[in-house]
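Architecture at a glance
The primary structure of each chain is shown beneath.
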Amino acid sequence: SLKAQLRETTPIVDGGSGIDSGSNNEDKAIGKEDIFSFLPFKENGGDFLHSANGYKDNLGNTYPDGYLIMYNHMVNRDKEICYVLDQKYSTLSGTIALNYSNKDIKEGLWIEFYSNDKMIRKTQSLSSGVKPVEFSVDVSQVSELTIRINGGGYSGGILTQGFYLE
């Protein structure tokens, strides 16, 4: 899986102590699947996902098994990843948080969800002082789901444990 590949290829930033003082481990309920464990149908704008191991959000939580989604306003205007869902799921949900090193940005970063090139949901913008944000998207009528990171005039990163389908 991509999660396993990311863990194998990403250097450990914290020195490998294995101690996780502020983990943000979401409950992974039975019947939910992390969409990022699927092979993407297509990906634009470079690598969409990076290992979040060693990164903290703006509250100090860590995401050792999670993901960092990077945005660069100069080169990644259309950074996105697409998955084939074939209307097999009802909802996609998760929590996103601002990467700690971006905690003072004013213009914010957010995630957009598209079906057939039409935006079906946009998360709340993450910027200075905004706590992690939960989201839920109705994907019951979605054949192909495109997930796009977007932002204002800043570059930065969004952290998540995963985006879960049910």
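Rules behind the numbers
Residues numbered from 1 in each chain as written. Predicted model: local features only at pLDDT ≥ 70, side-chain atom pairs only at ≥ 80, totals over all residues. Heavy atoms only, no water. Buried < 20%, exposed > 50% of the residue type's maximum accessible area, 1.4 Å probe, protein only. Helix = DSSP H or I, 4+ residues; strand = E, 2+ residues; numbered from the N terminus. Pairing = 2+ DSSP bridges. Phe/Tyr/Trp six-rings, centres within 6.5 Å; stacked < 30°, edge-to-face > 60°.

1. As for the pairing of strand 4 (residues 67-71)
Within strand 4, four of the five residues are buried, which leaves the element mostly enclosed by the surrounding structure. In terms of strand pairing, strand 3 (residues 49-51) meets strand 4 through three bridges, oriented antiparallel. By the bridge assignment for strand 4, His50 is matched with Leu68. As judged from the five bridges shared by strand 4 and strand 11 (residues 156-160), these two strands associate in the antiparallel manner. When the bridges of strand 11 are listed, Met70 appears paired with Gly157.

2. Some details on the packing of aromatic side chains
Under the definition given, this model contains seven aromatic pairs. Between Phe36 and Tyr67 the ring centres are 5.0 Å apart and the planes differ by 75°, which places this aromatic pair in the edge-to-face class. With Phe36 in the loop between strand 1 (33-34) and strand 2 (42-44) and Tyr67 in strand 4, this pair connects stretches of sequence that are 31 residues apart. Comparing Phe36 with Tyr67 shows no difference in burial state: the two are buried.

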